[in-house]
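# Survey of secondary and tertiary structure
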Amino acid sequence: ARGGRERERDRKRRGQVGSQRIAMAGRTWMAVLMGTVAWTGARGDPYDEPGPCRHRRETMDVDTATWEQDVEVEITVPQCDVIEPPYPIVYFYQGFGARARDYYSYADRLASWGYAVLQHNANTGDRDELELGFYPDVMEAVKSSSVGQDLDFTKVGTAGHSRGGRLAAMTLEQQDDVSFGILIDPVDDDQRSGSRSIGNLGRPVAIIGSSLTTECFPSEITYEEFFAQSASGTWLQVIQDAGHSQFSMAAEGVIQRQVDPCARGDKAIVDILELTYPTMVAWADYQLHGVETNRYFDWVRIQEEEEHITWQER
């Protein structure tokens, strides 16, 4: 890993401070949310707690060129005095068969750190090109709406889970206005469309995988292939004892538990999500704002020592 030894030495020097800081995080943020203290943090915090912003969620129907019916778009917008608009945008693709609500927790965490999140609901089956065609029409419609004045359309990233990770990768390659990508346990198709997009891209991405993914899918179409095709500087975090479906709240349902073909780890879904959020937000801040990530790496070191994750940089 590039610069791995130097970073490890730096992490060890910062270890004591990082441990003390994280131990205080819960008490501090509870006070902030209750309004008893002012928020004094900054971008570059380890992101293991929500940021200072609240949010609102709006819905609009969008007429697209590739779909015979309107597409429902859900927009999560920060409401914040600390981080002022216009807010950068993350276009989030959910997994196959899921709906936006199954990933609200991702949108909420991103919004808490000053990112607006766009999600669409459309039952397109597995027709990638059809769904990828929504992006320009959705972006134009949102830009022209009343909420558009609060969003920064010059700072856009994509994210997604499972098939949504593949769509995020393809959008990142196809759309010139998209500058960063976050792939959450991505799964490719037989043509390797997503991992090929990452290979063509020539820019790093953040990839978060589960240790049990390959018990559900062949390794050649999982996060491992996306990482193999990625550029230097890509982050890869693998959550130990986690299954592929456990990145979505949809996996909490009784029926889903019964029919889920993928292996499940012993970790609770909420714990898996809490291990996903910090890397998601840290990457967005690093790519868009050039934020110093030392405090994030303090968090990474602790999670590695406790064997919750493995982490590497390509």
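For clarity, every value in this text was computed on a predicted model and none was experimentally measured.

## Some thoughts on the sheet that holds strand β6 (residues 178–184)
What the nine strands build is an open sheet, ordered β1-β2-β4-β3-β5-β6-β7-β8-β9; its pairing is mixed. Every interior strand has two partners, whereas the edge strands, β1 (54–62) and β9 (309–313), have only one. Averaged over all pairs of adjacent strands, the angle between their axes in this sheet comes to 20 degrees, without regard to strand direction. As judged from the six bridges shared by strand β5 (residues 151–161) and β6, these two strands associate in the parallel manner. Bridged to histidine 161 within β6 is isoleucine 184. Across the sheet, helix α9 (residues 269–289) is in contact with β3 (87–93), β5, β6, β7 (206–210), β8 (235–239) and β9; its angle to β8 comes to roughly 170 degrees.

## Notes on the confidence of the model for the protein
Model confidence for the protein is summarised by a mean pLDDT of 84, while 82% of its residues fall at 70 or above. Per-element confidence in the protein is highest for β8, whose mean pLDDT is 98, and lowest for helix α1 (residues 4–34), whose mean pLDDT is 39. Here residues 9–40 is modelled with pLDDT under 50, and outside its nearest four sequence neighbours on either side it reaches 40 contacts, counting other chains as well.

## Thoughts on the packing of helix α2 (residues 104–112) against α9
Put simply, α2 and α9 touch, their axes get as near as 10 Å, and they point 45 degrees apart. Between α2 and α9, the interaxial angle falls into the category oblique. In the crossing of α2 with α9, the sense of the turn from one axis to the other is right-handed. Counting all contacts with α2, which are made through Ser105, Tyr106, Arg109 and Leu110, the residues of α9 involved are Leu273, Glu274, Thr276, Tyr277, Met280 and Val281. Grouping the constituent residues of the contact of α2 with α9 by class yields six nonpolar, two polar and two charged.

## Looking at the side chain of serine 112
Residue position: serine 112 is located in helix α2. For serine 112, a relative accessible area of 3% corresponds to the buried category. One polar contact links the side chain of serine 112 to the main-chain amide nitrogen of glycine 51, over a distance of 2.8 Å. Among residues more than four places away in sequence, those in contact with serine 112 are Pro50, Gly51, Pro52 and Cys53.

## As for the packing of helix α5 (residues 163–174) against helix α6 (residues 193–201)
Between α5 and α6, the least distance of the axes is 8 Å, while the angle of their chain directions is 35 degrees. Regarding α5 and α6, the two cross each other, and that crossing is left-handed. Across the interface between the two elements, Arg166, Ala169, Met170, Leu172 and Glu173 from α5 touch Ser193, Gly194, Ser197, Ile198, Asn200 and Leu201 from α6. Among the residues making up the contact of α5 with α6, the classes are represented as five nonpolar, four polar and two charged.

## Quick look at the pattern of salt bridges
Applying the stated criterion across every chain yields a total of eight salt bridges. With a shortest N-O distance of 3.3 Å, glutamate 72 and arginine 99 are connected by a salt bridge. Pair noted here: glutamate 72 is in strand β2 (residues 71–79) and arginine 99 is in the loop between β3 and α2, with a separation of 27 residues, a long-range link. Using a relative accessible area of 26% as the deciding quantity, one classes glutamate 72 as partly exposed. For the salt bridge of glutamate 274 with arginine 109, the shortest nitrogen-to-oxygen distance reads 3.3 Å.

## A word on the state of the cysteines
Counted by the stated rule, this structure contains one disulfide. With its sulfur 2.3 Å from that of its partner, cysteine 53 forms a disulfide with cysteine 80. Classification of the bridge connecting cysteine 53 and cysteine 80 rests on its S-S torsion, roughly -75 degrees, and on that basis the disulfide is left-handed. Taken as a pair, cysteine 53 in the loop between α1 and β1 and cysteine 80 in the loop between β2 and β3 lie far apart in primary sequence, 27 residues in all. When its relative accessible area of 7% is taken as the criterion, cysteine 53 is described as buried.

The rules we used
Residues numbered from 1 in each chain as written. Predicted model: local features only at pLDDT ≥ 70, side-chain atom pairs only at ≥ 80, totals over all residues. Heavy atoms only, no water. Pairing = 2+ DSSP bridges. Helix = DSSP H or I, 4+ residues; strand = E, 2+ residues; numbered from the N terminus. Axes fitted to C-alpha atoms, helices over the stretch in contact; angles between N-to-C directions. Contact = heavy atoms within 4.5 Å. pLDDT = per-residue confidence, 0-100. Parallel < 35°, antiparallel > 145°, perpendicular 65-115°, else oblique. Left-handed = near helix turned anticlockwise from the far one by under 90°. Nonpolar A, V, L, I, M, F, W, Y, C, P; charged D, E, K, R; others polar. Buried < 20%, exposed > 50% of the residue type's maximum accessible area, 1.4 Å probe, protein only. Polar contact = N/O pair within 3.5 Å; in protein donor to acceptor, adjacent residues only side chain to side chain. Salt bridge = Lys/Arg side-chain N within 4 Å of Asp/Glu carboxyl O. Disulfide = S-S within 2.5 Å.

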